[in-house]
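# Close look at the chain arrangement
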Number of protein chains: 2
Amino acid sequence: MVEYSIGVDLGGTNLRAAAITKDGEVLDKISGTTNLHEGRDAVLDDIVANIVRLRERFGTEGFAGAGIGVPGFILMQEGIIVGSNNLPELEGAPVRDEIEKRLGAQVILENDANAAALGEKWMGAGRDVNDLVLLTLGTGLGGGIIVDGRVLHGYVGMAGEIGHITVATNGNPCGCGNYGCLEKHASATAVEGMAYMMGLGEGLTAKDIYDLAEQGNKNAQTVYARMGAALGIALATLINIFNFPLYLLSGGVLPAWEYFSPSMFEEVNTRSFTFRHTKTRIEKAILGNEAGLYGAAYLPFQQAPPIA
Amino acid sequence: MVEYSIGVDLGGTNLRAAAITKDGEVLDKISGTTNLHEGRDAVLDDIVANIVRLRERFGTEGFAGAGIGVPGFILMQEGIIVGSNNLPELEGAPVRDEIEKRLGAQVILENDANAAALGEKWMGAGRDVNDLVLLTLGTGLGGGIIVDGRVLHGYVGMAGEIGHITVATNGNPCGCGNYGCLEKHASATAVEGMAYMMGLGEGLTAKDIYDLAEQGNKNAQTVYARMGAALGIALATLINIFNFPLYLLSGGVLPAWEYFSPSMFEEVNTRSFTFRHTKTRIEKAILGNEAGLYGAAYLPFQQAPPIA
């Protein structure tokens, strides 16, 4: 009998699922679209159908349960999604219990950035540590904190809002009410905004700006240097707070590493004596989009009693 | 038989010790001076003598061990103090093992700010929670983070350096190499520096400045308002990262609460949606100088196997 679980990555547009063994071997992976316009029940139906499809293939005997990564805050006790910009249809409903009932198996919801952090810890760049912070530099800037091998949730499940660390006291305004949030200075959106302000043109993506930097465009390089400096300020604060051995970066901005990391390391080096006096590592995550699937799949193994 | 432990608070000038029961009842307390000028052995002798004196009074049978709070970084595995401005004589030596040998009992070293945080969790303002951050606003600005009822150490024992969160990107320079560290904007020293710059006079203590504020001095009130704003920026970052239920403030600046807390709460409210949307509490610690003694005494109970 193979012990396995199913990880689900529920995005605003894509729904992916993978059956993964207790040793981290991916047995199979399926993906489709999230049919939000058809309403909550249709989305839940799709989730359940995908899990069942995989479970039929690998059997119920060794099935430890399903973990589902969701973009939004999750009330962990209640298994309810609250505050999800991408999935407003699912807010407030007993999503976990509903899926558990239909499956007849353990289901665990987790914030997608937390799931990605857990995935990197389990099978990715954080395999050799028990404590790490993952920063996901995408459209927004998400984060997940792993303490002693587990996701740090905080008391209502809102921990890890790394994107809302203040890096510039009177910096760019953020939808959260703050000014100078890391997210407004170091996400893909921030890079695009800075490029626009630098006169690089309208409608450029972070990738376009990276290409310009590659072509030797000084302004594009400056944009990434500024982005790296903001990231460095936040990382120094995280290092001074946590003294963890590892901080991982992932997301769409990662390919520009060579343009943002020099200023990032310069700021961290200046601003954190802990960094200067320890072997703290700041590295690229390695699982990319798969991190969330791994992390979601790992959840039932962490929570389930051992399979007899 | 009473189960008890002994907590020691080893400061640069004072050495205090208390025998405390497993239920948190203080059986007895003694205090003396730290004879640093007589060298390391004399200090270790004093520590051991104080512990033995209390242990002779309450017996070896129920004695769970001793916890010692020390101002400095501690390599937890090795039981060695590294980097202590106040106790350079003790750096690098196997202090824990030495004391253990002389006592014939379990000894645990802990950073003093961490011990204070643990003390507030055990018997103070944090009794009802398992997760909290304590900020000690004194000459410097220390901190301790309690996760799941235990001190967060980080991988070499340097976690909780709350004083070195950046609150002003290009703010006051700090000895740690950073600019705009919280410690340089919200400690007693920072308050005194601001008062001097505001023309309130030379050599004023934080207490003097508080007295001036009480007498209606607008500049003194402004100093505390600025200090509170800096504190609020750091607290918002901590709340966004941890989503803990409780953040405690202690230390010599605390009496000025009414002058710094309005701007502190204003900043936190602006800068943390988590604060706005949860029942997160920011409160005064209640154990004062005793917090470290309680926390140190609690350590053997956390680590020791149950007393048969």
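Everything numeric in this text was worked out from a predicted model, so none of it was measured.

Thresholds applied
- Position numbers for residues count from 1 along each chain, tracking the sequence in the order it is written.
- The naming scheme follows written order: chains are lettered A onward, ligands numbered 1 onward.
- Side-chain atom pairs in this predicted model are given and counted only at pLDDT of 80 or more, local residue features only at pLDDT of at least 70, and totals for whole chains, interfaces and linings cover all residues.
- Each helix is a run of DSSP H or I of at least 4 residues and each strand a run of E of at least 2, with the numbering of both proceeding from the N terminus.
- Each radius of gyration is computed over the set of C-alpha atoms, and the globule rule expresses the reference value as 2.2 Å times the number of residues to the power 0.38.
- Buried means a residue has 20 or more other C-beta atoms within 10 Å of its own C-beta, exposed means 12 or fewer, and partly exposed covers the counts in between; C-beta atoms are placed from the backbone.
- Placing a C-beta atom from the backbone of each residue, one calls two residues in contact when those atoms lie within 7 Å.
- When the copies are superposed, the least-squares fit draws on C-alpha atoms of residues that have pLDDT of at least 70 in both.
- To estimate how far a helix should reach, multiply one less than its number of residues by 1.5 Å.
- In the scheme used here, Gly and all other residues not listed as nonpolar or charged are polar, with Ala, Val, Leu, Ile, Met, Phe, Trp, Tyr, Cys and Pro taken as nonpolar and Asp, Glu, Lys and Arg as charged.
- Working convention: axes come from line fits to C-alpha atoms, limited for helices to the stretch in contact. Angles between N-to-C directions cover 0 to 180 degrees.
- Each crossing gets its handedness from the near helix: less than a right angle anticlockwise from the far helix is left-handed, clockwise is right-handed.

In this section: the overall build of chain A. The helix and strand tally for chain A stands at 10 helices and 12 strands. In terms of overall size, chain A behaves like a compact globule, its C-alpha atoms giving a radius of gyration of 20 Å where 308 residues would be expected to give roughly 19 Å. Based on the C-alpha atoms only, the size of chain A along its principal axes is roughly 55 × 45 × 35 Å. Taken over 308 residues, chain A has a buried fraction of 53%. Look at the contacts in chain A between residues 6 or more apart in sequence, and 63% of them connect residues 24 or more apart.

Our next topic: the relation of the copies chain B and chain A. Aligned on chain A, chain B shows an RMSD of 0.0 Å; the corresponding rotation is 180° and the shift along the axis is 0.0 Å. Look at the turn and shift together and you get a two-fold axis relating the two. A shared interface surface links the copies, since 100% of the contact residues of chain B are contact residues in chain A too.

All names here are of chain A. Given a rise of 1.5 Å per residue, 12 residues ought to cover 16 Å, and the 16 Å separating the end C-alpha atoms of helix α3 (residues 112-123) matches this to within 8%. In terms of residue burial, α3 counts as a mostly covered element, since 12 of its 12 residues are buried. Considered for burial, the residues of α3 that qualify are Asp112, Ala113, Asn114, Ala115, Ala116, Ala117, Leu118, Gly119, Glu120, Lys121, Trp122 and Met123.

Residue and element names in this part refer to chain B. Along the chain, the position of Leu254 falls in the loop between β11 (246-250) and α8 (257-271). A C-alpha to C-alpha distance of 28 Å links Leu254 and Asp23, two positions 231 residues apart in sequence. Setting aside its immediate chain neighbours within four residues, Leu254 contacts Leu137, Leu249 and Lys284.

Moving on, we come to the interface of chain B and chain A. Every contact between the two is made by 32 residues of chain B and, on the other side, 32 residues of chain A. Among the elements that line the side of chain B that touches chain A, the one with the most residues is helix α7 (residues 218-242) of chain B, at six residues. Each residue belonging to the side of chain B that touches chain A can be placed in one class, and the counts come to 17 nonpolar, 12 polar and three charged.

This part takes up the packing of helix α7 (residues 218-242) of chain A against helix α8 (residues 257-271) of chain A. Residue and element names in this part refer to chain A. Two elements in contact, α7 and α8, have axes whose closest approach is 6 Å; the angle formed by their N-to-C orientations is 35°. In the packing of α7 onto α8, the handedness of the crossing is right-handed. Here Gln221, Tyr224, Ala225, Met227, Gly228, Ala229, Leu231, Gly232, Ile233, Leu235, Ala236 and Ile239 of α7 come into contact with α8, specifically with Tyr259, Phe260, Ser261, Pro262, Ser263, Met264, Phe265, Glu266, Glu267, Val268 and Arg271. For the contact of α7 with α8, the per-class residue count stands at 15 nonpolar, five polar and three charged.

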